[in-house]
Structures are given as C-alpha cells and as structure tokens.
Amino acid sequence: MLPDVARAGWVSETAPMVSEYTQSDQFRGARIHLCNLAGLEIRDCEVNGLKIVDCYGSDVYLGGDFERVVVNDVDVTAYVEAELDRRHPARALARNAASPEDYRVAWDAIERLWGATLDRARLLPEATLHEQVDGEWSLIETQRHLLFACDAWLGNAVLEEEAPYHPLGLPAGGMPPDAAVKLGLTLAATPTLDEVLAPRLARMAAMRRIVDGLTSAELDRVCGRKPADPYPDQEYVVRRCLKIVLKEEAEHHRYAERDLAVLEAGLPESQ
C-alpha cells in the first residue's frame, strides 16, 4: 500500500481542474507516483501492460477488451468472460460462430434481443432515449453506432455498395472527425429513435438476407474493400467482417440493457 505520508496529505485532496488529453502519447511508459487520481477516466486507449500497484480506492471500474486481467495476483480473465457469457449468451454465439449455421443462430439471437430491448425503449419518453448514463452512449447513439458498424463491415466491405454509409451513422470515438465527414456522416445529428431505426432496421434486414444465404465458400471469400478508409490496408475476409457485426451487436446490446435499466429506474412511478 501507499506510505502513510500519502494518506496523511502528501497526495492532495483538492479537486483539480478537469483536463482532457486526446490522441496523445505523452503518457506512454509514464510512471505516476503518489498522485491523487480520484475520478480519473481512461477511455478508448491502448493500455497494454498497464499496471496499477499498491493503490487504494473504494470504487474501481474496468471495462473494455482485455486479453488478460490480474487483480491482486489473481488472474480473473476466465472468470469474468465466463460470467459475461452466462449473463449474455449471445456473446458466446457471436464469438464462436464458425459455420454458416452458427452465423444464422447467432443472428437469430441478436434479432430477438434487440426486438425486446427496443420494445422496452419505446415505453420511455423520447428525451430519455437521448440521455447518457455515466458518460456512455445514449440508446439512440448506440443505434447510430450499430448502423455505422453494419454500413462499414457489411455494406462496404462485404456487399461493396456504391454508397454504403448513412449520414446518421456514428463511428467509434477514435475516428478523426475529418475522416467521418469524408464518409458523409453527420456526427452532430440528434435523430429521434424512429428516424435512426429506419436505416438501422434496414441494415439488420440486409444482414438477415446475407446469413440466410450464407455458404462456407462465401465465408472464406476475400472482400474487395476494407470497411472504411481509416481502417488498415490488409486482407478482409467475409467471415471476419460478419463476425465483427455479430460481436458489435452482442456487446452493445449488453451495454444498452445495462443503461436502460438505470433509465427506467429513474422514471417517476407515474410514467
């Protein structure tokens, strides 16, 4: 643990001005010692080899895609993955899809899950669907992101459509704004749920048609395009592209359900 002098006041308890660092490598390999990091948020960052040692806190949250997580010398990776799969079986279906039938089964589950979740969402006031919980995407922003993911990995890479990107699509935060503009995206848009669901459900229907007619040969076909210009120049196979759509759908459904429960709990009983 930290020395008693740190607890006694060497680590300042005064709340600092909030600073934001974007697309910076100034912390790479840094050593942060005897500092007050209360409330620190690290989002959309490369954290390979990150170590938090001899620190203390009443509430620590980790969320992301980690190959290995060790807490107080205990490797908890397998436990966390197994528990997430138990709570959200679609994750495993998406991750383990191999045959054309596996892809169909995974997509069946995803369609059912989103159908039920969107039914719940429609019971909420429209303004609530724009609310963010703990800084995460709102339910409408989540639908916009999944629209973009399907536009990129299905519409552009797999189907090679002439104009695959819908303006309401929302990419991950790491995409530079100028790259989003080149794709025709309107990042500042504030659509209603119905407005974003129109293209979103159309994309889901396109995915349904693809998986219904999927063959082993098609799964192994090399795509003629990459998902979008910001993505690396490398070989993209249909199998990989469709699996990314499945995994995006499954993971963001988990996030949406988590935040939807918070939004529902905050409504007056008369709602």
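Residues numbered from 1 in each chain as written. Predicted model: local features only at pLDDT ≥ 70, side-chain atom pairs only at ≥ 80, totals over all residues. Heavy atoms only, no water.

Engineer: Break down the pattern of salt bridges for me, with residues and values.
Structural biologist: One pass over the structure, following the stated rule, counts 22 salt bridges. Ionic pairing is found between glutamate 83 and arginine 86, a salt bridge with its closest N-O pair at 2.6 Å. Here glutamate 83 and its partner arginine 86 are both found in helix α2 (residues 77–87), three residues apart, which amounts to about one turn of the helix. For glutamate 83, a relative accessible area of 18% puts it in the buried group. With a closest N to O distance of 2.6 Å, arginine 95 and aspartate 85 form a salt bridge. Here arginine 95 is found in helix α3 (residues 89–96), whereas its partner aspartate 85 is found in helix α2, with ten residues between them in sequence. Residues joined by salt bridges that share partners form a network here, namely Glu81, Asp85, Arg91, Arg95, Glu251 and Arg254. (Salt bridge = Lys/Arg side-chain N within 4 Å of Asp/Glu carboxyl O. Helix = DSSP H or I, 4+ residues; strand = E, 2+ residues; numbered from the N terminus. Buried < 20%, exposed > 50% of the residue type's maximum accessible area, 1.4 Å probe, protein only.)

Engineer: Pulling in residues and values, what's your account of unusual backbone geometry?
Structural biologist: Not every positive phi belongs to a glycine, and aspartate 134 is a case in point at roughly 55 degrees. Its relative accessible area of 69% is what places aspartate 134 among the exposed residues. Positive phi outside glycine occurs at glutamate 160, with the angle close to 50 degrees.

Engineer: Lay out the packing of helix α7 (residues 193–212) against helix α9 (residues 238–265) in plain terms, naming residues and giving numbers.
Structural biologist: Relative orientation of the contacting elements α7 and α9 amounts to 130 degrees, with a least axis distance of 12 Å. As the angle between them shows, α7 and α9 are arranged oblique. Once α7 is placed against α9, the crossing between them reads as left-handed. Residues Arg200, Met207 and Ile210 of α7 form the contact with α9, whose participating residues are Leu242, Val245, Leu246 and Glu249. Of the residues belonging to the contact of α7 with α9, the class tally is five nonpolar, no polar and two charged. (Axes fitted to C-alpha atoms, helices over the stretch in contact; angles between N-to-C directions. Parallel < 35°, antiparallel > 145°, perpendicular 65-115°, else oblique. Left-handed = near helix turned anticlockwise from the far one by under 90°. Contact = heavy atoms within 4.5 Å. Nonpolar A, V, L, I, M, F, W, Y, C, P; charged D, E, K, R; others polar.)

Engineer: Which residues make up the packing of aromatic side chains, and what values go with them?
Structural biologist: Per the stated rule, a full pass over the model turns up three aromatic pairs. Aromatic pair phenylalanine 148 and tyrosine 165: ring centres 6.0 Å apart, planes at 25 degrees, arrangement stacked. Pair noted here: phenylalanine 148 is in helix α5 (residues 139–158) and tyrosine 165 is in the loop between α5 and α6 (177–182), with a separation of 17 residues, a long-range link. Just as phenylalanine 148 is buried, tyrosine 165 falls in that class too. (Phe/Tyr/Trp six-rings, centres within 6.5 Å; stacked < 30°, edge-to-face > 60°.)

Engineer: Hey, could you go over the nonpolar core for me, with residue numbers and the actual values?
Structural biologist: The biggest cluster of nonpolar side chains holds 51 residues, and the ones touching the most others in it are Tyr103, Trp107, Leu154, Met207, Leu242 and Leu246. Residue assignment for this core shows that the elements contributing at least two residues are α3, α4 (100–121), α5, α6, α7 and α9. With ten residues, α5 is the single largest residue contributor to this core. Sequence-distant contacts of leucine 154, that is, excluding residues within four places in its chain, are made with Ala149, Leu159, Arg203, Ala206, Met207, Ile210 and Leu242. (Core = buried A, V, L, I, M, F, W, Y, C linked by side-chain atoms within 4.5 Å.)

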